[in-house]
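Close look at the chain arrangement
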Amino acid sequence: MSDGERTSHGGPFEALDAGNEGGEGCPCCAAKPVNDAVAGDKERQPSSTADHDRRDTTLNPQHLGAILLRQFFERAPNATLLIAPESGLVIQANRAASALFRRKAQTIAGRSLAEFYPEQMGIWHVFTEEALVRGHAFTRDLTLALPDGRPHRLEHMAVATEQDGEDYLLVTITDLDVQAQRSVDDEANTYHRKGLDEWRRAERYFREIEREHHLILAAAGEGIYGVNVQGETTFVNPAAATMLGYDPAELIGKDMHSVIHHHKADGTPYAVADCPIYNAFKQGTVKTVDDEVFWGKDGRSVRVEYTSTPIVDNGAMVGAVIVFRDISERKLNEERLRTALADNARLRERLEMENAYLREEIRSQAHHHNILGTSDAVANLIRQIELVAPTDANVLVTGESGTGKELVAHAIHRASARSDRPLIRVNCAAIPRELFESEFFGHVRGAFTGALRDRVGRFELANGGTIFLDEVGEIPLDLQSKLLRVLQDRRFERIGEDRTREVDVRVIAATNRDLKQESAAGRFREDLYFRLNVFPIECLPLRERTGDIPVLAAEFLATTCARLNLPVPKLTKANVEMLRAYSWPGNARELQNVVERAAILARGGKLAFSLPETGRPGSATETATNAVDAAGDDAGSILTAAEMIALEEANIRRALEACRGKVSGPGGAAELLGMKATTLYSRLKAMAPPSEPPPGT
Ligand SMILES: Nc1ncnc2c1ncn2[C@@H]1O[C@H](COP(=O)(O)OP(=O)(O)OP(=O)(O)O)[C@@H](O)[C@H]1O
């Protein structure tokens, strides 16, 4: 069969094609246009059957349908063949088929399938049979012999129909590679679209976050600014700008250190190299500074605390963010509080001191009277006091208990240039060993258990005045060295405090011990002894200056009666002699007690002294009493010093017997004798053993 014969083969579109080239003889050419779409093509030069069809203006619906079908066939994107299965000829091929077969459509129509599918006709038969039987079929077994020789993966799909007793197949050929590529492209498109959407969403999200961050930065009460690695400001929040009195625009891009951080609070220049903000990103560490100044636009300094945090981007340091707070108000309040607390502490100390002074004042009232006495001893004593008082020399007053040592200390202080400052007495015998240091030098709160608050020591209280260390021989050895230091250097520290305090104090010490002997025995530091004993004053016992007894007795009687509002009884010569005859182991204090008791017990203006029992017959005491009795109002027999000592010792022994050997405390011999326990102990030490009979017995 020739090409010309093959193209003349009829088919479903044959009626449309036959004799219609150029539109001649077309039954619908004279008809009116059916629609604008078809009419719209009129202007185009007809070049094909389809163009001719478009040019038609009057078509009946069947004709139109046929034309449209033909056009759809022509323009279908897949290669499509109209096949007569019985003859195995291609009746028509569309443009896509022409493209696939790499041949003009006209050269495909009318040709045998065997030309295009050589050696595959068996597959074709099976395929067409199936399509004819089932109405449709598809296969991927057929391949095309194309000029490029490239294997094409194809899918053939056939739909069967019948016309005028003839079977026809419409075979659509899909290039599977193209289809696969389309799927890939489509998938890629989908991904692309999705990615684009995702990206837009992320962009929106970040825009939102940035907006929120800006809002947060703007709303933050703290000043926040950022600097790049050159130290130039990259952003400033409104709070920072307001605190420093700038407009944010004035700070952006400027070297922040030289604008706001150029000097320290004391006015010295602040080198950039020392600036913690710069160091934050140079060293990659966060720096926190709790008290520095930033400088405002108007030149005023703003006290700030700030944190400089390095900003790292992709492993590289890109700058720092600085968050700061104006602490001027807080610092002011802290300073006010500190001042208030210091004032409070000062006030408390002053009150404490005043309290101590007042207590001293009350206590020293007892010593307010002058040193009395007509004896040479008292005259000598007063001379010594007058001599030493104006100097600042330390004084060591020695003497038995009750001989007037404290009275001497007060007299020296009163007559000194320090008299307008207090005299502070410390009874060293009354301080528990562990409290010595605190008592002397004070302590700070928490220095030891029970130190609930700061305490001023006695040395500090006496500053500018005099400290009277009564019973100085009782100071423990370990504290003696500290005492020596304050005497030498005039410096000391409160317990628990590093601060060294200076003090200007005159020291008057008193003791009934023989400190020389004590230091020889290693119980008292020799250097301290010499330090204290710059000017020694000895107070003689009353028994060695009995001439003072009348004056003292009269004074004690007068002051007692005045104090107790009693009539003043007459102190007779006999009374005086009786008093002179007694050995007065308790010295003036004992005399004072005896006189006081007698004043209270006086009947009808007559004094009756109740002196301690004199002891056994023939004893020195008895002798003394008898001598006084015998003398009446006249001067009687006088006891010798040895007799007096014997009398005193006998008296002490009797007191010990009466108290069953108890020396100190309530009901002890010291109380009975009217002397201090420490004095009694030193007396006992000096006494002969009890087996030895006292002289004169
Ligand atoms: N010469 C004196 N003139 C007036 N009063 C005196 C005299 N001597 C002592 N007294 C009085 O005797 C009492 C004891 O005196 P003071 O306390 O001064 O003695 P002391 O030696 O310090 O005693 P102690 O060693 O027991 O502390 C005081 O009331 C004091 O006024």
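Now for a quick tour of the structure. (Residues numbered from 1 in each chain as written. Predicted model: local features only at pLDDT ≥ 70, side-chain atom pairs only at ≥ 80, totals over all residues. Heavy atoms only, no water.)

It is worth spelling out the overall build of the protein at this point. The helix and strand inventory of the protein stands at 29 helices and 19 strands. Expressed as a percentage of the 697 residues in the protein, the buried residues total 42%. Residue pairs at least 24 apart in sequence account for 59% of intrachain contacts in the protein once pairs closer than 6 positions are excluded. In the structure as shown, the protein presents an accessible area of about 37400 Å², 53% of it carried by carbon and sulfur atoms. (Helix = DSSP H or I, 4+ residues; strand = E, 2+ residues; numbered from the N terminus. Buried < 20%, exposed > 50% of the residue type's maximum accessible area, 1.4 Å probe, protein only. Contact = heavy atoms within 4.5 Å. Areas by Shrake-Rupley, 256 points an atom, 1.4 Å probe, with all protein chains shown as cover.)

Taking 1.5 Å of rise per residue, 44 residues should cover 64 Å, and helix H10 (residues 176–219) covers 63 Å from first to last C-alpha, within 8% of that figure. For H10, the side-chain oxygen to backbone nitrogen distance between the N-cap and Asp177 is 3.0 Å, and the N-cap itself is Asp175. (Expected span 1.5 Å × (residues − 1). Polar contact = N/O pair within 3.5 Å; in protein donor to acceptor, adjacent residues only side chain to side chain.)

A separate point is the site of the ligand. Around the ligand, a shell composed of 20 residues is seen, among which Leu372, Ser401, Lys405, Gln592 and Lys676 lie nearest. Computed on the free molecule, the ligand has an accessible area of 610 Å², of which 97% lies beneath the protein chains in the complex. Breaking the shell around the ligand down by element, the ones donating at least two residues are helix H17 (405–414) and helix H25 (587–601). Classifying every residue of the shell around the ligand gives 6 nonpolar, 8 polar and 6 charged. (Near = heavy atom within 4 Å. Nonpolar A, V, L, I, M, F, W, Y, C, P; charged D, E, K, R; others polar.)

Right, let's talk about the packing of aromatic side chains for a bit. All chains considered together, the criterion is met by 15 aromatic pairs. On the basis of an interplanar angle of 25 degrees and a centroid distance of 5.3 Å, the ring pair of Phe294 and Tyr306 is categorised as stacked. Within this pair, whereas Phe294 is found in strand S8 (residues 287–295), its partner Tyr306 is found in strand S9 (residues 301–313), the two being separated by 12 residues in sequence. Aromatic ring contacts, followed pair by pair, group Phe436, Phe440, Phe441, Phe459 and Phe492 into a single cluster. Taking NZ or CZ as reference, Lys264 lies 5.0 Å from the ring centre of Tyr270, over its face. (Phe/Tyr/Trp six-rings, centres within 6.5 Å; stacked < 30°, edge-to-face > 60°. Lys NZ or Arg CZ within 6 Å of the ring centre and 35° of its normal.)

Quick look at unusual backbone geometry now. One non-glycine residue, Glu119, lies in the positive phi region at around 65 degrees. For Glu119, the position within the fold is in the loop between helix H8 (113–116) and helix H9 (121–134). Residue Glu119 is classed as exposed on the basis of its relative accessible area, which comes to 84%. Even without a glycine there, the phi angle at Arg490 is positive, about 60 degrees. Mapped onto the fold, Arg490 is located in the loop between helix H20 (477–489) and strand S16 (491–493). By relative accessible area, Arg490 is classed as partly exposed at 37%.

The next subject is the sheet that holds strand S15 (residues 466–470). Strand order in the open sheet made by the 5 strands is S12-S15-S18-S11-S19, with parallel pairing throughout. Two strands lie at the open edges of the sheet, namely strand S12 (423–427) and strand S19 (535–539), each paired on one side alone. Averaged over all pairs of adjacent strands, the angle between their axes in this sheet comes to 20 degrees, without regard to strand direction. One ladder, built from 5 bridges, connects strand S11 (residues 395–399) with S19; its direction is parallel. Bridge pairing in S19 links Val397 to Ile537. Packed on one face of the sheet, helix H16 (residues 376–388) meets S11, strand S18 (506–511) and S19 and runs near 155 degrees to S19. (Pairing = 2+ DSSP bridges. Axes fitted to C-alpha atoms, helices over the stretch in contact; angles between N-to-C directions.)

So, about the pattern of salt bridges. Side chains bearing opposite charge may pair, as long as their charged atoms lie close to each other. Evaluation of the coordinates by the stated rule reveals 45 salt bridges. Across the pair Lys676 and Glu471 runs a salt bridge, and its minimum N-O distance is 2.9 Å. Of this pair, Lys676 sits in the loop between helix H28 (669–673) and helix H29 (677–686) while Glu471 sits in the loop between S15 and H20, and the two are 205 residues apart along the sequence. Overall, Lys676 belongs to the partly exposed group, its relative accessible area being 25%. Looking at Glu471, the relative accessible area reads 4%, which means it is buried. In this structure, a network of salt bridges that share partners links the residues Glu222, Glu305, Arg325, Arg330, Lys331 and Glu334. (Salt bridge = Lys/Arg side-chain N within 4 Å of Asp/Glu carboxyl O.)

The subject of this paragraph is the sheet that holds strand S5 (residues 166–175). Sheet strands pair via backbone hydrogen bonds, and the direction of the pair is either parallel or antiparallel. Strand order in the open sheet formed by 5 strands is S2-S1-S5-S4-S3, and the pairing between neighbours is antiparallel. Where the open sheet ends on each side, the last strands, each with one partner, are strand S2 (89–93) and strand S3 (136–139). Taken pair by pair, the neighbouring strands of this sheet meet at an average axis angle of 25 degrees, ignoring direction. As paired strands, strand S4 (residues 154–163) and S5 are joined by 10 bridges and run antiparallel to one another.

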